[in-house]
Amino acid sequence: MSKLPAVLVIDVQQSFLHAPYWREDDVPVFRENLVKLLDAAAARGWPIVRILHEDDDAHFSAASGLVRPMAWVPDAHDVVFHKRVHNAFTDTGLQAWLKERGIERVIVSGIRSEQCCETTARVASDLGFAVDYVTEATLTFPMIHAGSGTRYDAQDIKQRTELVLDGRFARIRTVDDVLADH
């Protein structure tokens, strides 16, 4: 079995730049943390897995030309999987790809913290993978609760995601924690 983890880079794609909820305020810190993680992973020989989301929405359709990594994402990667659901495993071949390489731990990063990243972490755990969830290398956006009208900022959402994942589905880690662990 491989002692190397695989870094999952979920949905860091140009489609989001055209979403009505897109905001730039948290992007610089997210970009810095993700690039640091990916550069270190590449230098250490850790497999880097790009996951791109495709569906029938205008900016997420293959025909849009936007289902490709954001321009600043480092080029290094080992494989690309396209998904049509919230998690990176269903109908993508990711599980088989990881198992064929003896990979037992995944590091979760990407967009959106509480949706595709959190869902992927839960499914990975259910499939038997150890999961490191690197919140600072995820990005999300403010949301308004439809029932109460309460507005949750991105930090509230990230904190809630950490609360429900930690110790159940994943270890909550910083980029520095992950790099120190492996």
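Since the structure is predicted, the reported quantities are computational estimates derived from the model, not experimental observations.

Undergrad: Is there a simple way to explain the side chain of Thr135 in this structure?
TA: By the secondary structure assignment, Thr135 is in strand E5 (residues 130-139). Polar side-chain contacts of Thr135 include one of 2.8 Å to the side chain of Glu162. If we ignore the near neighbours within four places in the chain, the residues touching Thr135 are Lys158, Glu162, Ile172 and Arg173.

Undergrad: Looking at this structure, I do not really get the nonpolar core. What am I missing?
TA: Soluble, globular proteins show a tendency: their nonpolar side chains are buried together. Ranked by internal contacts, the top residues of the largest apolar core, which has 26 residues, are Val7, Val12, Trp22 and Ile111. In this structure, Val49, Val79, Leu94 and Tyr133 belong to the second largest nonpolar core, which totals 24 residues.

Undergrad: Teacher, can you tell me more about the environment of Pro74 here?
TA: Here Pro74 is to be found in the loop between strand E2 (48-53) and strand E3 (79-83). Pro74 sits in the buried class, given a relative accessible area of 15%. Sequence-wise, Pro74 and Thr140 are 66 residues apart; in three dimensions their C-alpha atoms are separated by 20 Å.

Undergrad: I'm lost on the pattern of salt bridges in this one. Help?
TA: Where charged atoms of side chains with opposite charge meet at close range, the side chains can pair. Counting across every chain of the model gives twelve salt bridges. The residue Arg23 makes a salt bridge to Asp25 at a minimum N-O spacing of 2.6 Å. For Arg23, a relative accessible area of 35% puts it in the partly exposed group. When its relative accessible area of 48% is taken as the criterion, Asp25 is described as partly exposed. With a shortest N-O distance of 3.1 Å, Arg171 and Asp181 are connected by a salt bridge. With Arg171 in strand E8 (residues 171-173) and Asp181 in helix H5 (residues 175-181), this pair connects stretches of sequence that are ten residues apart. By relative accessible area, which is 36% here, Asp181 ends up partly exposed. Linked through salt bridges whose partners overlap, the residues forming this network are Arg105, Asp132, Arg171, Arg173 and Asp181.

Rules behind the numbers
Residues numbered from 1 in each chain as written. Predicted model: local features only at pLDDT ≥ 70, side-chain atom pairs only at ≥ 80, totals over all residues. Heavy atoms only, no water. Helix = DSSP H or I, 4+ residues; strand = E, 2+ residues; numbered from the N terminus. Polar contact = N/O pair within 3.5 Å; in protein donor to acceptor, adjacent residues only side chain to side chain. Contact = heavy atoms within 4.5 Å. Core = buried A, V, L, I, M, F, W, Y, C linked by side-chain atoms within 4.5 Å. Buried < 20%, exposed > 50% of the residue type's maximum accessible area, 1.4 Å probe, protein only. Salt bridge = Lys/Arg side-chain N within 4 Å of Asp/Glu carboxyl O.

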